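# Survey of secondary and tertiary structure
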There are 4 protein chains.
Amino acid sequence: MGGSTFGNIFTVTTWGESHGPALGAVVDGCPAGLPLSADDIQRYLDRRKPGQSRFATARREEDKVEILSGVFEGMTTGTPVSLLIRNKDQRSRDYGDIAYTYRPGHADFCYDSKYGFRDYRGGGRSSARETAARVAAGAIAARLLSETGISLRTYVHSIGPVACKSFDPEEITRNPLCMPDSSAAAEAEQYLDQCIKNQDSAGGVIECRISGVPAGLGSPVFGKLDAVLSSAVMSIGAVKAVEIGDGILAAGCTGSESNDGFCVSDSGKITKASNHAGGILGGISDGSEIIIRAHIKPTPSISQPQNTVTKDAEPVTIEIHGRHDPVVVPRAVVVVESMAALTLADALLANMTSRLDSIKKFYR
Amino acid sequence: MGGSTFGNIFTVTTWGESHGPALGAVVDGCPAGLPLSADDIQRYLDRRKPGQSRFATARREEDKVEILSGVFEGMTTGTPVSLLIRNKDQRSRDYGDIAYTYRPGHADFCYDSKYGFRDYRGGGRSSARETAARVAAGAIAARLLSETGISLRTYVHSIGPVACKSFDPEEITRNPLCMPDSSAAAEAEQYLDQCIKNQDSAGGVIECRISGVPAGLGSPVFGKLDAVLSSAVMSIGAVKAVEIGDGILAAGCTGSESNDGFCVSDSGKITKASNHAGGILGGISDGSEIIIRAHIKPTPSISQPQNTVTKDAEPVTIEIHGRHDPVVVPRAVVVVESMAALTLADALLANMTSRLDSIKKFYR
Amino acid sequence: MGGSTFGNIFTVTTWGESHGPALGAVVDGCPAGLPLSADDIQRYLDRRKPGQSRFATARREEDKVEILSGVFEGMTTGTPVSLLIRNKDQRSRDYGDIAYTYRPGHADFCYDSKYGFRDYRGGGRSSARETAARVAAGAIAARLLSETGISLRTYVHSIGPVACKSFDPEEITRNPLCMPDSSAAAEAEQYLDQCIKNQDSAGGVIECRISGVPAGLGSPVFGKLDAVLSSAVMSIGAVKAVEIGDGILAAGCTGSESNDGFCVSDSGKITKASNHAGGILGGISDGSEIIIRAHIKPTPSISQPQNTVTKDAEPVTIEIHGRHDPVVVPRAVVVVESMAALTLADALLANMTSRLDSIKKFYR
Amino acid sequence: MGGSTFGNIFTVTTWGESHGPALGAVVDGCPAGLPLSADDIQRYLDRRKPGQSRFATARREEDKVEILSGVFEGMTTGTPVSLLIRNKDQRSRDYGDIAYTYRPGHADFCYDSKYGFRDYRGGGRSSARETAARVAAGAIAARLLSETGISLRTYVHSIGPVACKSFDPEEITRNPLCMPDSSAAAEAEQYLDQCIKNQDSAGGVIECRISGVPAGLGSPVFGKLDAVLSSAVMSIGAVKAVEIGDGILAAGCTGSESNDGFCVSDSGKITKASNHAGGILGGISDGSEIIIRAHIKPTPSISQPQNTVTKDAEPVTIEIHGRHDPVVVPRAVVVVESMAALTLADALLANMTSRLDSIKKFYR
């Protein structure tokens, strides 16, 4: 209920504040026998590490992960995997003035309203730094999914008004904006340089495609796979909209345009002739690629003057200096992927108990 | 895990199939002392009742609700409220041919993949008829919210390509499409008539505004209020995208455009000068109006011929006749409102344990 | 949180009051493909039906169950199974005087303290009648368990001071007290007749043995199989103690007496040479018979005069007349069995996701 | 589902193995504003610290706790409190031979059956060392309870066959066995010395009394306070039976003996004239002292030769040397208290949403 646990079978509980001693996650319900090392997790964490381009915060965090439990002789044991990431570069002086002022677009006022006070250092629990713990856990989920042939590919679809027009998967890791279209990336860099010059910030759209998903994952009614995915992705700080498949376009077209007819693949399997649905029908995976898009608002911390109020309702002008990302979208790519992986891992396990025949086979 | 329960404190479990004997919901965790009658619930159910316009299915269902438990002398007792709605007009012959064929845009194939077989009569559990139970439960949640001054207003923002351009709340109940703009409604009716003529169907967008929400509802990280709302709304069968506040527009603008400065209201309360955020910051309500939009795909059941396959992977052409809604959007208005109400009711209760001072006051 | 849901994967939500229109249960997460008819459930319900001996209430309830959802063509579909039992013989006049008086040994005062008022008719939700819904759900769980070779045998071990000294399984259904020892049963009947004569009531002990349980069910730490079983059994109204295996005797003996050495069975399987542990070690089933004992207090409704107070703290003397069981123990046998079955069914499903190799095999 | 999380609102997730780098707990849902320091927790941990008497393992663990999150300026912030305890004195060589052998009375075989392999070093996750994390979390729960006037007193009622006959609360901390009766303690020490001489071990009974509990905590049906307490206490490794109030004695007496009449206290409050029920009726606290007893089996690790088998089903004789407690009961006192505190803290918060009038007052 505290809100820091996600999942039903494969669960993750995260903890930690931006400027506390450490952040971490406890993954429970991970099946035994999964090969897992700190390196597997570190690779994921490195994808969101700050300071890797001029478009990201200059805060220096190694984000070195330590596995404290649940792994023995290189394999998960089935018991909780505890992950620890020490904070290294927390400079509390950067944030001193925000103790009494409500930053626009931030959760300061909401936390004070709810809890009566807040850890104001760097946004405390509401800092985007919290996502490091999700990514550490997501790496384990992705590792599990890969064992059954499920893979995720996530990239930036647009930065501000600049959207990709072509798709080259190789390109994603070649530009600092994780865009699969090099000319869109170049244009987006220009746009971001202008934002920085204007002491402003930008948002964007992240797309995640999940392939190899067997048909049947997800539950009817409230446990629909797309419902859980939405929750997973919307739970990332700055996300303001989530789409599945054709998403918002679906609402404007007709049934004959939107429906995906079923057909038979060359290998004789039932599949779909198109994928407007984005791989989920009635909340259950249909075997096609799952497609999610997350719309991310611009970083609220900007250095141009903004009108706001203090805790005591005094009007003030605030200029937020410090080490902020002019755009979080590229660093959020692996966060979206992690949340999608956590969702799928949980659904993968949940689906195993759907049919009596499987149960009888398992216990035979 | 079966997926038919929603909520943590104020919970609802629904059950029932389109053509089974009945549908229903069990609401547990509803506080004692809430005045409640079958009429309170019936009013909500009547808003989604079929057969009220030429744009809705001709299926005749009274959707008469019976309260079987949890209410005594006109008030909730704190124990589970069980709600029963008998199915009356289930004509199974309408659906005979779909037993062996996978309808495009429907969950038939997914249910078969997951469960090995399915109740094919009218879509079984995956039918939109399932939402009747949600609405019955949502009526109780809305009743509870109203006791603390929270109210919901929900309407159709667009049908297919026709969007509202003005907002007259009175208009919402005056036209069969629940649109707050009479000329948009007239235009949308023409669009729908054309859809019907083309043996096709339409989608649309529903907007829900929740006012009177105190600041502080929602939890950090995975329990964010917008995350839960997304899940709640995306769990409605045909929803393909969810937006909060500025939603997809947020991704395209800059921080200075997107941030809402705090200010002081005439009554001296801290409030926001604008509401791009849609009433939620960092996953916690900020006291402004909460704004959600649900994008709904066109009804997949259309009578024009469609290519698909049978269970045995035989290609076939299907024409879906029967009593289908050419557009479900107007009837889904109260479903979206119900899911929003269930989410808020749960968050309202969860928030009461956030602070030690409240706990001490309660137990003094 | 309302407290009326049990289980994580195979879940049951019950509802209903003693003198309301009906009682029921919703079972979610039951695997698809389980053959199930109303008769399967009725057989279980008939075992707790009132009016079957002079030691049970004279209230006439057929406890006829209706399956409202989740079963199609004689098999579960994987979606919620809703069960309905109409109350028939609720005579509210029997209970008029308890509206203002707190009956000793009953929950009247506690419900008023918690909820501010209560449905006083027959104890409302706190009535033992509530267990009918558990039994209906338990019948489904037992049906599922039987498919994997797990069976439950439950009987009365003692009534008041009279304990069984021998064990004849055939005898259990031959005497109205469900005791496996005919001479103990005869002695217990005499004891009960004396209780009735004294306007008093009796308690007793129920023992449940579960055989065919594979090793590996249950989770470490809080999800231990014995922890969940304890909760399940202690949640039955009148239970005041729960034992697993040697139970209270274990505390008094030494490690060398209490330990069960492992050995190899004739068929070459690892098993235990003794079963002091009662089939569970470290919270996980060890393949031996699981043994639980539930200690049940005497029926609190007795007709001899008792001192107590009214709602307004006025001292009064109360004599509880009406149709009460002088002993509930025999009728509670199937309730204990049901709770054990529900626990095991849930653990059976949960265990399927424990190992990567099973997951890979499932999704191959 | 992994089993390492307890509670619904005030939740704790524990992790860690006996011989891994560390153990810990994440407490989520703790209300903001609770004064909390590492010392508050350390005091609890010191009560279960090994090496404090000749009846406890010689393993040297300081069990120094570090608070990694959720506390700011000496108060909880409402976000997860992460607690870390590093293992110091793990000598893996002590346990080398148990890698292939199933120790009688231990979970080795069960873990292998469930997970395919296990962390055999010191019992891994199934080690009693796991309870350190529970105690760290329990200290926070107890701190919260104390703010509303709820206090817990826990002690050893018996060791092997030696039970207390008198009750002197001062005595509890004066003898190494935590018994409130000095002569029973002396006798028990003799009994234990004999056990040690016999290379054997002892069990015992722990009693926990909770006072200051307001009437109304706990939920009907499955969420009964005694059901949750049973689960909490039975989840401690060696517990084999749980009693509430009169417990097993209740089953043998009559209704007139077992019922507690209500009366009016000197201060005019409704109370009970006796407390056979142990403070809980119908699963809800009645305002009287809550009384729980946990029956603990003898330590299974004994050095006398025992017959058992290896992983490969080879019969062997095992002598378990190493640093084992001849009796865990005194060290388990604070574990039982911690589990009771965690249960009560959760119930305390859950109860706040039971009534509409409180909700209206809170949000006024």
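Parameters at a glance
Residues numbered from 1 in each chain as written. Chains lettered and ligands numbered in written order. Predicted model: local features only at pLDDT ≥ 70, side-chain atom pairs only at ≥ 80, totals over all residues. Heavy atoms only, no water. Helix = DSSP H or I, 4+ residues; strand = E, 2+ residues; numbered from the N terminus. Rg over C-alpha atoms; globule rule 2.2 N^0.38 Å. Buried < 20%, exposed > 50% of the residue type's maximum accessible area, 1.4 Å probe, protein only. Contact = heavy atoms within 4.5 Å. Areas by Shrake-Rupley, 256 points an atom, 1.4 Å probe, with all protein chains shown as cover. Lys, Arg positive; Asp, Glu negative; His and termini not counted. Charge placed at Lys NZ, Arg CZ, Asp CG, Glu CD. Pairing = 2+ DSSP bridges. Axes fitted to C-alpha atoms, helices over the stretch in contact; angles between N-to-C directions. Least-squares fit on C-alpha atoms with pLDDT ≥ 70 in both. Buried area = accessible area lost by both parts, 1.4 Å probe. Salt bridge = Lys/Arg side-chain N within 4 Å of Asp/Glu carboxyl O. Polar contact = N/O pair within 3.5 Å; in protein donor to acceptor, adjacent residues only side chain to side chain. Phe/Tyr/Trp six-rings, centres within 6.5 Å; stacked < 30°, edge-to-face > 60°. Lys NZ or Arg CZ within 6 Å of the ring centre and 35° of its normal. Patch = residues over 30% accessible without salt bridge, like charges linked within 9 Å, V, L, I, M, F, W, Y side chains within 5 Å. Nonpolar A, V, L, I, M, F, W, Y, C, P; charged D, E, K, R; others polar. pLDDT = per-residue confidence, 0-100.

## Considering the overall build of chain A
Regarding its fold elements, chain A presents eight helices and 18 strands. Taken over the C-alpha trace, chain A has a radius of gyration of 21 Å; the compact-globule value for 364 residues is 21 Å, and the two agree within 12%. For the C-alpha atoms alone, the extent of chain A along its principal axes is close to 65 × 50 × 40 Å. The buried share among the 364 residues of chain A stands at 67%. When contacts within chain A are restricted to residue pairs at least 6 apart in sequence, those whose partners lie at least 24 apart make up 68%. Summed over all atoms, the accessible surface of chain A reaches about 11300 Å², with 48% contributed by carbon and sulfur. Taking the 38 positively charged and 42 negatively charged side chains of chain A as two groups, their mean positions are separated by 3 Å.

## Observations regarding the sheet that holds strand S7 (residues 81–86) of chain A
Residue and element names in this part refer to chain A. Taken in spatial order, the five strands make up an open sheet running S1-S2-S3-S7-S4, and their pairing is antiparallel. Strands with a single pairing partner mark the edges of an open sheet, and in this sheet they are strand S1 (5–6) and strand S4 (65–67). Sitting on the sheet, helix H1 (residues 38–48) is in contact with S4 and S7, with an inclination near 150 degrees to S4.

## Re the relation of the copies chain B and chain A
Think of it as a corkscrew move, a rotation about one axis and a shift along it, taking one chain copy to the other. Rotating chain B by 180 degrees about the axis while translating it 0.0 Å along that axis superimposes it on chain A, leaving an RMSD of 0.0 Å. Within this description, the copies of the chain are treated as partners about a two-fold rotation axis. Relative to the rotation axis, the C-alpha of Ser231 of chain B is the closest in chain B, positioned 2.4 Å from it. Of the residues that chain B buries at the interface, 99% are likewise interface residues in chain A, meaning the two copies contact each other through the same surface.

## A look at the interface of chain B and chain A
The partner chain A presents 103 residues to the 104 residues of chain B that form the contact. Looking at the side of chain B facing chain A, the largest losses of area belong to Lys114, Phe222 and Lys240 of chain B, adding up to 11% of the total buried there. The tally of links from chain B across to chain A stands at zero salt bridges. Between chain B and chain A we count 35 residue pairs in polar contact (both at pLDDT 80 or more) in total. If you tally residues by element for the side of chain B that touches chain A, the top one is helix H2 (residues 108–115) of chain B, at seven residues. Of the strand pairs in this sheet, strand S11 (residues 239–244) of chain A and strand S11 (residues 239–244) of chain B are connected by three bridges, and their pairing is antiparallel. When the sheet's bridge partners are listed, Val242 of chain A is paired in S11 of chain B with Val242 of chain B.

## Observations regarding the side chain of His295 of chain D
Tracing the sequence through the fold places His295 of chain D in strand S16 (residues 290–296). Among the polar contacts listed, one links the side chain of His295 of chain D to the side chain of Glu243 of chain D, at a separation of 2.8 Å. Setting aside residues no more than four positions away along its own chain, His295 of chain D makes contact with Gly247, Ile248 and Ala251 of chain C together with Gly204, Val205, Ala238, Val239, Lys240, Ala241 and Glu243 of chain D.

## Some words on the packing of aromatic side chains
As enumerated under the stated definition, the model contains 32 aromatic pairs over all chains in all. When the centroid spacing of 5.4 Å and the interplanar angle of 70 degrees are considered together, the rings of Tyr102 of chain A and Phe109 of chain A count as edge-to-face. Each member of the pair, Tyr102 of chain A together with Phe109 of chain A, is buried. Considering the side-chain rings of Phe262 of chain C and Phe109 of chain D, the 5.3 Å spacing of their centres and the 55 degrees angle between planes classify their relative orientation as tilted. Highlighted residues: Phe262 of chain C in strand S12 (residues 262–264) and Phe109 of chain D in helix H2 (residues 108–115), drawn from two different chains. For Phe262 of chain C, a relative accessible area of 3% corresponds to the buried category. Taking NZ or CZ as reference, Arg47 of chain C lies 5.2 Å from the ring centre of Tyr44 of chain C, over its face. Geometry around Tyr115 of chain D places Lys114 of chain D over its ring, the cationic atom sitting 5.9 Å from the centre.

## Overview of a positive patch on the surface
A surface patch of like charges, here positive, comprises Lys361 and Arg364 of chain A together with Lys361 and Arg364 of chain C. Along the chain, Lys361 of chain A turns up in helix H8 (residues 356–363).

## Description of the interface of chain B and chain D
Contacts between chain B and chain D engage 28 residues on the former and 28 residues on the latter. Buried area between chain B and chain D, summed over both chains or domains, comes out near 2300 Å², and the portion from carbon and sulfur atoms is 74%. Connecting chain B to chain D are two salt bridges. Among the ionic pairs, Glu147 of chain B bridges to Lys360 of chain D, the shortest N-O distance being 2.8 Å. Listed by contribution, the elements that provide at least two residues to the side of chain B that touches chain D are helix H3 (131–147), helix H7 (329–350) and helix H8 (356–363) of chain B. Tallying contributions element by element places H8 of chain B first for the side of chain B that touches chain D, with six residues. Its residues placed into classes, the side of chain B that touches chain D shows 18 nonpolar, seven polar and three charged.

## Re the relation of the copies chain B and chain D
Under the fitted operation, chain B is carried onto chain D by 0.0 Å of movement along the axis and a turn of 180 degrees, and the coordinates agree to an RMSD of 0.0 Å. Here 100% of the contact residues of chain B are again contact residues in chain D; the copies associate through an equivalent surface.

## Brief notes about the confidence of the model for chain A
Low pLDDT means the predicted coordinates in that region are not meant to be read closely. Counting all residues, the mean pLDDT for chain A is 94, and 97% of those residues have values of 70 or more. Across the whole predicted complex the pTM is 0.97, and at the interface the ipTM reaches 0.97.

## As for the pattern of salt bridges
All chains considered together, the criterion is met by 84 salt bridges over all chains. Residue Glu66 of chain A is joined to Arg86 of chain D by a salt bridge in which the shortest nitrogen-to-oxygen separation is 3.1 Å. Of this pair, Glu66 of chain A sits in strand S4 while Arg86 of chain D sits in strand S7 (residues 81–86), placing the two residues on different chains. When its relative accessible area of 30% is taken as the criterion, Glu66 of chain A is described as partly exposed. A relative accessible area of 25% means that Arg86 of chain D is categorised as partly exposed.

## Describing the pairing of strand S8 (residues 151–159) of chain C
Residue and element names in this part refer to chain C. Where S8 and strand S10 (residues 204–211) come together, eight bridges link them in antiparallel fashion. Residue pairing for S10: Arg153 is matched across the bridge by Arg209. Where S8 meets strand S9 (residues 162–163), two bridges bridge the pair, whose relative direction is antiparallel. By the bridge assignment for S9, Ile159 is matched with Val162. Here S8 folds back onto S9, and the loop between the two strands holds two residues, one of which, Gly160, carries a positive phi near 50 degrees.

## Thoughts on unusual backbone geometry
In terms of backbone geometry, most residues other than glycine have negative phi values and most peptide bonds are trans. Residue and element names in this part refer to chain A. Although it is not a glycine, Ala313 sits at a positive phi angle of roughly 65 degrees. Summarising the element assignment, Ala313 is placed in the loop between strand S17 (306–309) and strand S18 (315–318). Classification of Ala313 as partly exposed rests on a relative accessible area of 21%.

## Quick notes on the environment of Pro161 of chain C
Within the secondary structure, Pro161 of chain C is located in the loop between S8 and S9. The class of Pro161 of chain C is exposed, set by a relative accessible area of 57%. Each C-alpha atom of the pair Pro161 of chain C and Gly322 of chain C lies 26 Å from the other, and the pair is 161 residues apart in sequence. Residues in contact with Pro161 of chain C, not counting those within four places in the same chain, are Tyr191 of chain C together with Gly252 of chain D.

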